[in-house]
Amino acid sequence: MIKCPILLFVLLNMILFRNVNNEKDSCSQFFQDSITTKKSGQLYITSKFKQIINYHDDTGLDFDFSIKLNLIRVRNGKFQQSKQELISELSFTKYVDSIIEVNEDMIEFTSNWEFRAKSVLNTIHLKIVSQFTNSYEYVYSNNSFNKILAKEFLFPVTVSLGAGLNYTFEKVNYINFSLVDIKTTLISPNYAGTNPEAKKLSNKIYHVPQVGISINSSIYKSWTREVFIWRNNSKIFAKGFTKNDININFKNRFMYEIYKWINISLENQIIYDPLFNYKLQLRNEVVVGVLFRK
């Protein structure tokens, strides 16, 4: 199952290292509003090999591998601007002669359009979130805990479409306030049985529709010629005031260049997703790896 995500990462890497210099939009000659396009990207790779012999009465070999990819396209014009961002993360541990344990798995596409209509600034915000590999959840039913398949390749997928306004700074960074956010999550029939809000679309697909408000952020700041970098991609969604009505995914990454491509990074993530877990999840990670950027 890991081979498919790695092939997809290779494809995205080829896209990343294409010529991404500033370019004029080919359609700008047909419009009075000339649009400029700028692309950028980062590929961050870390790995670790560990061998233990009779350590805490355990013996074994394992290999940790992590890859994080960010692709950004920003288009600016006099009357409109947009920002598209693709974020992918895959981290796993391979135990030699044994299983593969997936630690982090996520693919996220975000598109934010900002335009003026009758002198009023409007935004449309689209977010699509999915994953590469399988994962399982333990669900309590019939007086016992049952292990069921909750996530698999590109499924479930969550799609959110919001309308509202942006607070924009430094042209490429924004905090989006979607006053209306229409969100739906496509899930498997097995997992739908434990969710009373799930509605049937077909024999193999159920969906959980939600309507609420949301706050979204996309921030990238660098200092001293990108020696120190801060990236923030977060979303808070709410359709009410109970524990079932709020969804949080708050993520920060701080990177410091040690020597040329060698970087140390600190990543902090807070997740609350009542669809899969009522517990507040916190992850702090400090790693050293190789960073490629364009």
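Residues numbered from 1 in each chain as written. Predicted model: local features only at pLDDT ≥ 70, side-chain atom pairs only at ≥ 80, totals over all residues. Heavy atoms only, no water.

Caption draft 1: Geometry of empty space enclosed by the protein. Under the definition given, this model contains three cavities of 30 Å³ or more. The calculated volume of the largest cavity comes to roughly 90 Å³. Every residue lining the largest cavity is counted, 14 residues in all, and those nearest its centre are Gln 81, Ser 82, Lys 83, Lys 171 and Tyr 174. Among the secondary structure elements, those contributing two or more residues to the lining of the largest cavity are strand 3 (58–76), strand 4 (80–95), strand 5 (100–117), strand 9 (157–169) and strand 10 (173–187). In the lining of the largest cavity, the residues fall into three nonpolar, seven polar and four charged. (1 Å grid on protein atoms, 1.4 Å probe; cavity = no way out; pocket = protein on both sides within 12 Å on 5 of 7 lines; lining within 4 Å. Points joined across faces, edges and corners; volume = space filled by probe spheres on them. Helix = DSSP H or I, 4+ residues; strand = E, 2+ residues; numbered from the N terminus. Nonpolar A, V, L, I, M, F, W, Y, C, P; charged D, E, K, R; others polar.)

Caption draft 2: Here's a closer look at the confidence of the model for the protein. Of the residues in the protein, 82% have a pLDDT of 70 or more, and the chain-wide mean is 82. Element-level pLDDT for the protein is lowest in strand 1 (residues 23–24), with a mean of 46, against a maximum mean of 95 in strand 13 (residues 228–238). Confidence drops under a pLDDT of 50 for residues 19–31, and excluding neighbours within four residues, the segment shows 16 contacts in the predicted structure. (pLDDT = per-residue confidence, 0-100. Contact = heavy atoms within 4.5 Å.)

Caption draft 3: Inspection of the layout of surface pockets at higher detail. Approximately 550 Å³ is the volume attributed to the second largest pocket. Forming the walls of the second largest pocket are 23 residues, and the residues nearest its centre are Lys 38, Ser 40, Val 172, Tyr 220 and Glu 226. Tallied by class, the residues present in the lining of the second largest pocket amount to four nonpolar, nine polar and 10 charged.

Caption draft 4: How the structure looks around unusual backbone geometry. One non-glycine residue, Glu 226, adopts positive backbone phi at about 65 degrees. When you line up the elements, Glu 226 lands in the loop between strand 12 (206–223) and strand 13. Located in the positive-phi region is Lys 260, a residue other than glycine, with phi close to 50 degrees. Looking at where Lys 260 falls in the secondary structure, it is placed in the loop between strand 14 (246–259) and strand 15 (262–273).

Caption draft 5: Layout of the packing of aromatic side chains. The full count for this structure, using the stated rule, is seven aromatic pairs. Ring geometry for Tyr 167 versus Phe 169: centroids 5.5 Å apart, planes at 35 degrees, classification tilted. Aromatic pair Trp 261 and Phe 292: ring centres 4.9 Å apart, planes at 65 degrees, arrangement edge-to-face. With a gap of 31 residues between them, Trp 261 in the loop between strand 14 and strand 15 and Phe 292 in strand 16 (residues 277–293) connect regions that are remote in the sequence. One Lys or Arg, Lys 183, reaches over the ring of Phe 237 and ends 4.7 Å from the middle of that ring. (Phe/Tyr/Trp six-rings, centres within 6.5 Å; stacked < 30°, edge-to-face > 60°. Lys NZ or Arg CZ within 6 Å of the ring centre and 35° of its normal.)

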